[in-house]
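# Survey of secondary and tertiary structure
Listed below are the residues making up each chain.
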Amino acid sequence: MKPFRYERAGSLASACASATEPTAKFIAGGTNLLDLMKLQIETPTHLVDIGPLPLGEIEETADGGLRIGARVTNSALAADMRVRRRYPVLSQAILAGASTQLRNKATTGGNLLQRTRCSYFYDTTKPCNKRVPGSGCAALGGLNRMNAVIGVSNDCIAAHGSDMAVAMAALDARAETVAADGATRTIPIDALYRPPGNTPHIETVLAPGELIRSVVLPPPPPGRQLYRKVRDRASYAFALVSVAVIVEREDDRVRAARVAFGGISYKPWRSAEAEAALIGATATRASFDAAGRAALRDARGYGYNDFKLPLARRTLRAALADVTGVI
Amino acid sequence: MERILPFLSLLSRRRFLGTAGAATLTLASRPTSAEAAVEPAAMHSENVTLTVNGRRHDLDLDPRVTLLDALREHLGLTGTKKGCDQGQCGACTVIVNGQRINSCLTLAVMHAGDEITTIEGLEKDGDLHPMQVAFVHHDGLQCGYCTPGQICSAVALLAEHKAGWPSYATADVATAPVLTDAEIAERMSGNICRCSAYPNIVSAIREVAEGGRT
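Summary of the structure given here. (Residues numbered from 1 in each chain as written. Chains lettered and ligands numbered in written order. Predicted model: local features only at pLDDT ≥ 70, side-chain atom pairs only at ≥ 80, totals over all residues. Heavy atoms only, no water.)

## Notes on the sheet that holds strand 2 (residues 55–61) of chain B
Residue and element names in this part refer to chain B.
- Strand order in the open sheet made by the five strands is 2-1-5-3-4, with mixed pairing throughout. Looking along the sheet, the strands with just one partner apiece sit at the ends: strand 2 and strand 4 (99–102). Across the sheet, the mean angle from the axis of one strand to that of its neighbour is 40°, orientation sign disregarded.
- Here seven bridges tie strand 1 (residues 46–52) to strand 2, and the two strands are oriented antiparallel to one another. Counted as the bridge partner of Glu-46 is Leu-61 from strand 2. (Pairing = 2+ DSSP bridges. Helix = DSSP H or I, 4+ residues; strand = E, 2+ residues; numbered from the N terminus. Axes fitted to C-alpha atoms, helices over the stretch in contact; angles between N-to-C directions.)

## So, the sheet that holds strand 10 (residues 241–250) of chain A
Residues and elements named next belong to chain A.
- Taken in spatial order, the four strands make up an open sheet running 9-10-11-12, and their pairing is antiparallel. Looking at which strands have only one partner, the edges of the open sheet turn out to be strand 9 (224–230) and strand 12 (269–270).
- Both strand 10 and strand 11 (residues 253–262) contribute to a ladder of nine bridges, which runs antiparallel. Across the sheet, the residue bridging to Val-245 is Val-259, located in strand 11.
- Packing against the sheet, helix 5 (residues 88–95) makes contact with strand 9 and strand 10, and its axis sits at approximately 15° to strand 9.
- Sitting on the sheet, helix 13 (residues 308–324) touches strand 9, strand 10 and strand 11, and the angle it makes with strand 10 is about 35°. (Contact = heavy atoms within 4.5 Å.)

## Structural notes on the interface of chain B and chain A
- Contacts between the two partners involve 46 residues from chain B, matched on the other side by 42 residues from chain A.
- Taking both sides of the interface into account, the surface hidden between chain B and chain A amounts to around 3,500 Å²; carbon and sulfur atoms contribute 55%.
- The partner of Lys-38 of chain A in a salt bridge is Asp-85 of chain B, with the nearest N and O atoms 2.8 Å apart.
- Our enumeration of links across chain B and chain A arrives at 15 residue pairs in polar contact (both at pLDDT 80 or more).
- Going through the elements one at a time, strand 4, helix 4 (147–162) and helix 5 (181–187) of chain B are the ones with two or more residues in the side of chain B that touches chain A.
- A total of four residues in the side of chain B that touches chain A trace back to one element, the largest contributor, which is strand 4 of chain B. (Buried area = accessible area lost by both parts, 1.4 Å probe. Salt bridge = Lys/Arg side-chain N within 4 Å of Asp/Glu carboxyl O. Polar contact = N/O pair within 3.5 Å; in protein donor to acceptor, adjacent residues only side chain to side chain.)

Laid out in structure tokens, this is it:
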């Protein structure tokens, strides 16, 4: 680990001001950042610990939603009875990720901002445009089994690793941020991440020193919620493909549908195409297959991850069948 | 250096450490490690008071020192093990304010004021913790390297279950789950045992959850 200056945040304003330095980083749970610092993939010279800031609460909002402080741990969020009853897809998604030890430290803000687990991002002996801009992408012609299949570029095919964010995307969650000058803004989770294009090292729309202070969940949409994850072992592994679905059924038809995928893109991948195919359709396997085809229409494999296209379609079909009770 | 030590365990790693001397240890240490003495740029230290197993320790630490290294290298509490040092194996699991965490992925300076419990702190007045007794009774180990982490994890698991926390194995997350073997296995997935003592670990935890040995 490279040396750094450690600062306990005294206030939101001072924390954001300190973190505007280009080589400064906020730290909360640290489970991803410290791992990357040990490997010298992250080399901040200044760490601003937001542990002392009052961002650890989950509150009701006036319209019947929830406001989740950025420092709320993944464990606390998944175990909150309001989340379990009203947003079960979020509890399920969080509990599908990492281990209890990690979820006890990992935070809401940090989970959203975690870096990719692309093995070439982690391997400092290999080119990686995300780690060293302009160096190339070893994953394109490499062992890219875990990599993305949609929304990515010829400069980077890294996938986002969060389960939590997939459920949040389906729930239309919004990140509330504060900048060093005190300015606040609200960013839909779906708009938080920048497509890799030819600048994959710039991953979000956040400015230096801009801090996610909370995530707001709107009131839960009608319908049944489900998170389904497919991975290489039964627990404690990143998704090959995952899907969050929220479906309201009326008689034999789908009245409302939300679909978001994990493991297939640089961000939690909300699929307007799948939703459009589902809404008004009969709740049948044929309709679910059509939704899967619509969702993956613009996807392409890069060799070892070709299997993700049929796997994503089948995972969606299985989740939709489960949530609608269609055999 | 800790990476190679599990394979030397038959030689008595404590004696190996005692006789090998500092030079040998530096040779084997990774350059990315937080054991900072070789990094000349590490200028300043932070004062932090750690409360471990009920005792307060005043330490001046390079901010890079992880909680794991503070426990092992600065406080001599070597019961907590370093396995992967990247949050994948769970050997370094300790209990902080009642919750289990990977001590390798957190900085010691971030734990001022926290109540830290390690494997050394589980016994009371010479009596083993019921979970330690159950691991012995059920033979929940082979080489033993992962065991302190497994036991700390298991102790915290029972508290989490008592608090009604769901897990990925819970069919309906809005309900308080029954602690089945599938629940125990899922909840222990952050602790890897390369000897694969899993069935006996699950038995040990189930026994304590059901009220201990009768």
